[in-house]
Amino acid sequence: MNAPDIALGVVRGPAHGVRRRLTARWVVHVAVAVAVIGTINTIRNPGPFLSAWLVVSSFAVLIGVGEYFRFPVEDGRQLAPMTLATGLAFALTSVSWQVDLTHLAPGPIVMVSAIAMLCGALPHAARGRSLRVEEMAARFLAIFVAALLFRWAPLWSGRTLLEVDATWVGSRWPVAVLLAVIAAIGLFTFLGLSALVMASRSAGSLRQAFLDEVRSGAGLGLALSATGALIALAERPLGVLALPLFLVPLVLTQFALRQYAAIRATYAQTVRVLSRLTEMGGFTRAGHPDRVAELCVAVGRDLGLSGRDIRNLENAALLHDIGQVALRAPIPAGATLMAAPADQRRIASDSADIVRKTGLPPEVAIAVEHQATPYRVVREQRQQVPMLSRIVKVANAYDDLVGGSIALRRREAAVERIHLGLGYEYDPRVVDSLVRVLARRHTKGP
Amino acid sequence: MASLVFSLVNFASIAMIVRVDSGESFQSMFLAMLTTSGLAQMGYGVIGLLFVILWVPAQVGPFSAVLILLPLFVAQWAFVQYAEEERAHERTLAALVAAGETRDPYAVGHSERVARLSVLLGEGLGLGPAQTEALQYAAILHDIGWLGAQAWAGSDTKAPDKSLSELIARHPAVGVALLSDIAFLQDSLDSIKHHHERWDGRGYPDQLVGTDIPLASRIIAVADSFDSLTRGRPGRQALPSNRALQVVESRAGTHLDPTVVAVLARVLERHTWAVAEPPPEGAGAPLWDHDDPVMSDMLAGIDRPATAGQGS
């Protein structure tokens, strides 16, 4: 238990070395290429595309509607579960009532999906919001992969799975399993591409982004693949009626998820705003909690923390000084770094007491509690200091030293002073990460 | 169709039970349930139908259970998570507001009590669920601009001096400025801004008169005054709730909205209101309370014999 490695807590392995050059833009390029090729193929060989116009257009409408009703989740992304489920069902449908779709190639499916998604997203763009092409591209490519696997790849002794489905006799449950599996593969494609987009957006590790993606998206993903398979199966006896009917469970899911996402966002806003109570009273410098939180999140991403840890870290950073609201007289400029160690510890413990009474996870209070503990106790007394606390400690010290200034000299002096406390006061790995984050920030921005 | 009837009857009976049980308004309960879980109830009806379709005409058999239940499990998971997060959010909000109150030991719990009483008053006035929610948030955060300020903390005079009076006059606006970024509070901001307006137009910050003052602000004003009277201060004991009600009633039509005051009387008949416990050690607490009705008169420039909070 007291091996130093374990005491180091949540950090796994060295910070990922290889920066991903594959950026989100690549995903978009691939998607555009697929859409163009699909359109060319459709023009050259339309197949039953025109005769099945009712089925095709009903899929198209719901794909578009799903895109229109996409909703934001807390990591800044937007989800469109209905688009994905409908698109997957489109890719997996062989017969719809009396309309035979077995000769419909992936081309038309890709083309129609692309047009429908763009139509659904355009109203958002018209209102001046971002079109979010990367996320659309991830959804689109998931549909494409499912269509390719089902309608084009000769996976079953030289025949496509579509042909197998069309000629299947007897109970259809094996077909149902098959469809569910293909839909699930399509969804994993989506999760993988989303992870790529997220990792390149936040400069975090791809592996961690993928794990977060699977952890948070697997449940919804399974529901989506099941719905996709359901619609495809029900198209045979019900025709286009299957679409609205079988989307009902998904609408329910979407409704629940929207509410969940909304309360998460609300929660985050509440904590952020109430963290400013300390600066209002003049206890901390303006913007201190916000800046420390932002820096902590960047360092946490750089160190490859999980999404859950990052969220706890952000809240701990926002509330790390909240104990000061109970003080009768503010400490000079609110800088806890300048306070005596005993005062630092008292503020940390007051803050932790308050955080413990909130509905935040216990990890947040623990992180706040240990924010003043110097790193040397990890080595000397083999105590465990949570990683989150060590990050808050370094970020807080940096912000106290820089004082919100953007002057290069102040920044360099701050890092230098932190380096003096390396290994004694601060965790060297966190400090290295801080240096990396600062270097990235100031080479990128102005 | 059957599922529609089922849901309506179900909600109506639950609302009846709650009405009998705790005296909440039937209409507001019924509407609240219809808007929150009505859609879900309808959905379950349709899902039963889908199950049958999939099993027989689509020939999928028992495996259809897996396919149908997966999305349902996810929906249920999300609903449970939502409920948990919402509770956590409310706890967090209350805890952080309470943290701001600790500097004045006599004020601890004030915001939460005002919120509780405001919600009861709102229901008595027939507010809908959305309005009640906005009222609750406004009430719990009504003094946030005051709690954030710290200049009053060391005050040991009998009444606030000039700079503190300015601070008092400013605190509703300070609170609104702090909260203006929070999307879900947009409907509550106005009520926070005007919670110290007076029915006779002599309040602050905008000297609004009568019904020009947002209803939620008038509700909070009544709850705020009542709570100020029923908690003590250094040198003054808390009034019992019947005495506090008398004081509040004497101010209907001048300081406070008569309709809301009438509802307060009705609410107090149904609910007992515990007088706030005095803190174990009240050292350092200011000798005055900006929510005291007397303070409202003083700031309005009215000199009247001290009927309210002076002695008991």
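In this text, all values refer to a predicted model and were calculated from it rather than measured experimentally.

Brief notes about the nonpolar core
Counting 97 residues, the largest nonpolar core has A:Ile391, A:Tyr398, B:Leu121, B:Leu141, B:Leu179, B:Phe226 and B:Leu264 as its most contacted members. Here the element with the most residues in this core is helix α18 (residues 387-402) of chain A; it accounts for 10 residues. Those residues within four positions of B:Phe226 in sequence are excluded, and the remaining contacts are B:Leu117, B:Ser241, B:Ala244, B:Leu245, B:Val248, B:Leu264, B:Leu268 and B:Trp273. Counting 89 residues, the second largest nonpolar core, distinct from the first, contains A:Val56, A:Ile63, A:Ile143 and B:Ala78.

What to know about empty space enclosed by the protein
All names here are of chain B. Per the stated rule, a full pass over the model turns up five cavities of 30 Å³ or more. Taken as a whole, the largest cavity encloses approximately 170 Å³ of empty space. Of all the secondary structure elements, the ones that give two or more residues to the lining of the largest cavity are α4 (110-124) and α6 (144-148). Here the second largest cavity is characterised by a volume of approximately 110 Å³. Every residue lining the second largest cavity is counted, 16 residues in all, and those nearest its centre are His-196, Ser-225, His-255, Asp-291 and Ser-296. Elements supplying a minimum of two residues to the lining of the second largest cavity: α9 (215-229) and α12 (293-299). In terms of residue count, α12 provides more of the lining of the second largest cavity than any other element does, four residues in total. Residues of the lining of the second largest cavity, tallied by class, amount to five nonpolar, six polar and five charged.

Side note on the UniProt feature "transmembrane region" (unreviewed entry) in chain A
Residue and element names in this part refer to chain A. When the UniProt feature table is mapped to this numbering, "transmembrane region" (unreviewed entry) covers residues 26-43, 49-69, 81-99, 105-124, 136-153, 173-197, 217-234 and 240-257. The span residues 26-43 is 100% helix and 0% strand, and its two end C-alpha atoms sit 26 Å from each other. With 89% helix and 0% strand, the stretch residues 136-153 has end C-alpha atoms that lie 24 Å from each other.

Describing the UniProt feature "transmembrane region" (unreviewed entry) in chain B
When the UniProt feature table is mapped onto this chain numbering, "transmembrane region" (unreviewed entry) sits at residues 38-56 and 63-83 of chain B. Summarising residues 63-83 of chain B: 100% helix, 0% strand, and an end-to-end C-alpha distance of 31 Å.

Thresholds applied
Sequence order as written defines residue numbering, which begins from 1 separately in each chain. Whichever chain is written first is A, and whichever ligand is written first is 1; the rest continue in order. Where totals are concerned, whole chains, interfaces and linings use all residues; where local detail is concerned, this predicted model gives features only for residues with pLDDT of at least 70, and gives and counts side-chain atom pairs only at 80 or more. The side-chain figures draw on all heavy atoms in the structure; neither hydrogens nor water molecules are used. Residues belong to a common nonpolar core when they are buried Ala, Val, Leu, Ile, Met, Phe, Trp, Tyr or Cys residues joined through side-chain atoms within 4.5 Å. When a residue's accessible area, from a 1.4 Å probe over protein chains only, is under 20% of the maximum for its type it is buried; when over 50% it is exposed; and in between it is partly exposed. Secondary structure elements are defined from DSSP: runs of H or I of at least 4 residues count as helices, runs of E of at least 2 residues count as strands, and each element is numbered from the N terminus. Should any heavy atoms of two residues lie within 4.5 Å, those residues are counted as being in contact. Put simply, the grid is 1 Å and covers the protein atoms alone, a cavity is a trapped set of points that fit a 1.4 Å probe, a pocket is an open set with protein on both sides within 12 Å along at least five of seven lines, and lining residues have an atom within 4 Å of a point. Grid points are joined across faces, edges and corners, and a volume is the space filled by probe spheres set on the points. Gly is placed with the polar residues, together with every amino acid not listed as nonpolar (Ala, Val, Leu, Ile, Met, Phe, Trp, Tyr, Cys and Pro) or charged (Asp, Glu, Lys and Arg). UniProt positions are given in the numbering used here, feature names are shortened, and annotations may be inferred rather than shown by experiment.

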